[in-house]
Amino acid sequence: MNGIPHIGVLAVQGDVREHRHALEAAGATTTTIRRPEEVAGIDGLVIPGGESTTMDKLVRAFGLQSSLREAIASGLPVYGSCAGMIMLADRIADARPDQETLGGLDITVRRNAFGRQVDSFEEDLHIRALGPQPVRAVFIRAPWVEDVGERVEVLARVESGQAAGRIVAVRQGSLLATSFHPEVTGDHRVHQLFVEIVRNRS
Ligand code: GLN
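Residues numbered from 1 in each chain as written. Predicted model: local features only at pLDDT ≥ 70, side-chain atom pairs only at ≥ 80, totals over all residues. Heavy atoms only, no water.

K.L.:
I'd love a proper account of the site of the ligand, names of residues and values included.
P.N.:
In the region of the ligand, the neighbouring residues are Gly-49, Gly-50, Glu-51, Ser-52, Cys-82, Ala-83, Ile-86, Arg-111, Asn-112, Ile-140, Arg-141 and His-181. Here an oxygen atom of the ligand and a side-chain polar atom of Arg-111 are 2.9 Å apart. Asn-112 places a polar side-chain atom, nitrogen or oxygen, 2.7 Å from a nitrogen atom of the ligand. Protein burial of the ligand: of its 300 Å² of free accessible surface, 96% is covered by the chains. (Near = heavy atom within 4 Å. Polar contact = N/O pair within 3.5 Å; in protein donor to acceptor, adjacent residues only side chain to side chain. Areas by Shrake-Rupley, 256 points an atom, 1.4 Å probe, with all protein chains shown as cover.)

Below, the structure is given as structure tokens:
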């Protein structure tokens with residue numbers, strides 16, 4: 001790496017353009033990832049939100065599953081948002097019978113955890129790793145993290161309402177995941193943190 005991290009955005013589903021924009025604003029160059037051979041050229045990867053069962057099927061259909069799993073196992077930094085968090089999880093509490101993940105993050109996630117009636121909501125979260133200003137977190141049919149392994153650092157929990165205390169942002173080494181969608185708010189601090197993680201690793 002020549003000092004400027006080159007970050008791929010998995011481009012099978014979701015807010016690909018918004019993630020590229022946020023990463024570029026945070027000082028990275030970006031590319032889309034759709035083919036296995038493209039994985040070798042990147043310093044980090046973002047997995048956008050979407051629908052994790054569909055994303056899993058598309059990742060397998062595009063022949064990407066094994067190259068992404070190998071890259072994660074050899075330490076590629078990855079940031080997963082919402083369905084991307086589910087794709088990074090080692091365990092899903094209520095997976096569809098044939099649903100697989102890429103894995104790497106020692107967490108159990110619960111899909112659509114906030115309840116079907118709560119399609120989406122927003123909340124200010126205080127995330128120490130991102131500074132004193134709260135982060136406006138946008139949740140869209142979001143998962144939460146049901147439990148975490150020893151190596152996982154909890155970055156944020158829901159702060160009010162029935163779901164107060166539920167874990168919604170985690171980090172394990174070079175793997176970062178949020179239940180919410182920072183790419184839609186114009187606040188690039190989550191992407192900045194990820195670009196820092198990529199810089200420090202490379
Ligand atoms: N509910 C979706 C899933 O299970 C995630 C929603 C999202 O990414 N916005 O994959």
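Now that the structure has been shown, the text picks up again.
K.L.:
Kindly report on empty space enclosed by the protein, identifying the contributing residues and their values.
P.N.:
Following the criterion strictly, the structure yields one cavity of 30 Å³ or more and no others. Taken as a whole, the largest cavity spans an internal volume of roughly 50 Å³. If you trace the largest cavity, you find it lined by Ile-127, Leu-130, Leu-155, Ala-169, Leu-176, Thr-178, Phe-180, Val-190 and Leu-193. Mapped onto the lining of the largest cavity, the elements with two or more residues apiece are β12 (175–178) and α5 (189–201). Tallied by class, the residues present in the lining of the largest cavity amount to eight nonpolar, one polar and no charged. (1 Å grid on protein atoms, 1.4 Å probe; cavity = no way out; pocket = protein on both sides within 12 Å on 5 of 7 lines; lining within 4 Å. Points joined across faces, edges and corners; volume = space filled by probe spheres on them. Helix = DSSP H or I, 4+ residues; strand = E, 2+ residues; numbered from the N terminus. Nonpolar A, V, L, I, M, F, W, Y, C, P; charged D, E, K, R; others polar.)

K.L.:
Explain the pattern of salt bridges to me, using residue names and the numbers behind them.
P.N.:
The final tally for this structure, using the stated rule, is 15 salt bridges. Notably, a salt bridge pairs Arg-91 with Asp-106, separated by 3.0 Å at the nearest N-O pair. Taken together, the residues Arg-91 in strand β5 (residues 89–92) and Asp-106 in strand β6 (residues 105–110) connect sequence positions 15 residues apart. By relative accessible area, Arg-91 is classed as partly exposed at 33%. By relative accessible area, Asp-106 is classed as buried at 16%. Where Arg-136 meets Asp-124, a salt bridge forms, and the shortest distance between an N and an O atom there is 3.1 Å. (Salt bridge = Lys/Arg side-chain N within 4 Å of Asp/Glu carboxyl O. Buried < 20%, exposed > 50% of the residue type's maximum accessible area, 1.4 Å probe, protein only.)

K.L.:
Tell me about the environment of Ala-25, residues and numbers included.
P.N.:
With respect to the secondary-structure elements, Ala-25 resides in helix α1 (residues 16–25). Distance from Ala-25 to Leu-76, taken between C-alpha atoms, is 21 Å for residues 51 residues apart in sequence.

Remember, this is a structural readout, not a statement about activity or role.
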